[in-house]
Amino acid sequence: MCILCVPPGSECQHQALCEGCQRPISDRFLMRVNESSWHEECLQCTVCQQPLTTSCYFRDRKLFCKQDYQQ
């Protein structure tokens, strides 16, 4: 079941695509950042490739950790 579909239990006719890798997200949960869907492993800083687990910064459709965003 897709967590984006309502009501619960209805058949999902779509599958979210990951903004990072463009593959379908079939995980039970997906990450949502700025109205885009992500696999948890694809949610990483564009510059240093560190996982973004607690916070992230967004500019020009790219994700950054705090340090790289400030630079």
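This is a predicted model, so every value here is computed, not measured.

In this section: the overall build of the protein chain. On a plain count of helices and strands, the protein chain comes out with one helix and four strands. Listed N to C, the secondary structure of the protein chain is β-β-β-β-α in terms of helices and strands. Burial status across the protein chain gives 27% buried among its 71 residues. The long-range share in the protein chain, meaning contacts at least 24 apart out of those at least 6 apart in sequence, stands at 10%.

As for its position among the elements, Ser37 is in strand S2 (residues 36-38). Looking at Ser37, the relative accessible area reads 6%, which means it is buried. Among the polar contacts made by the side chain of Ser37, one reaches the side chain of Arg32 at a distance of 2.7 Å. Those residues in contact with Ser37 that lie beyond four places of it in its chain are Ala16, Leu17, Cys18, Glu19, Ile25, Leu30, Met31 and Arg32.

Conventions and cut-offs
- Residues numbered from 1 in each chain as written.
- Predicted model: local features only at pLDDT ≥ 70, side-chain atom pairs only at ≥ 80, totals over all residues.
- Heavy atoms only, no water.
- Helix = DSSP H or I, 4+ residues; strand = E, 2+ residues; numbered from the N terminus.
- Buried < 20%, exposed > 50% of the residue type's maximum accessible area, 1.4 Å probe, protein only.
- Contact = heavy atoms within 4.5 Å.
- Polar contact = N/O pair within 3.5 Å; in protein donor to acceptor, adjacent residues only side chain to side chain.

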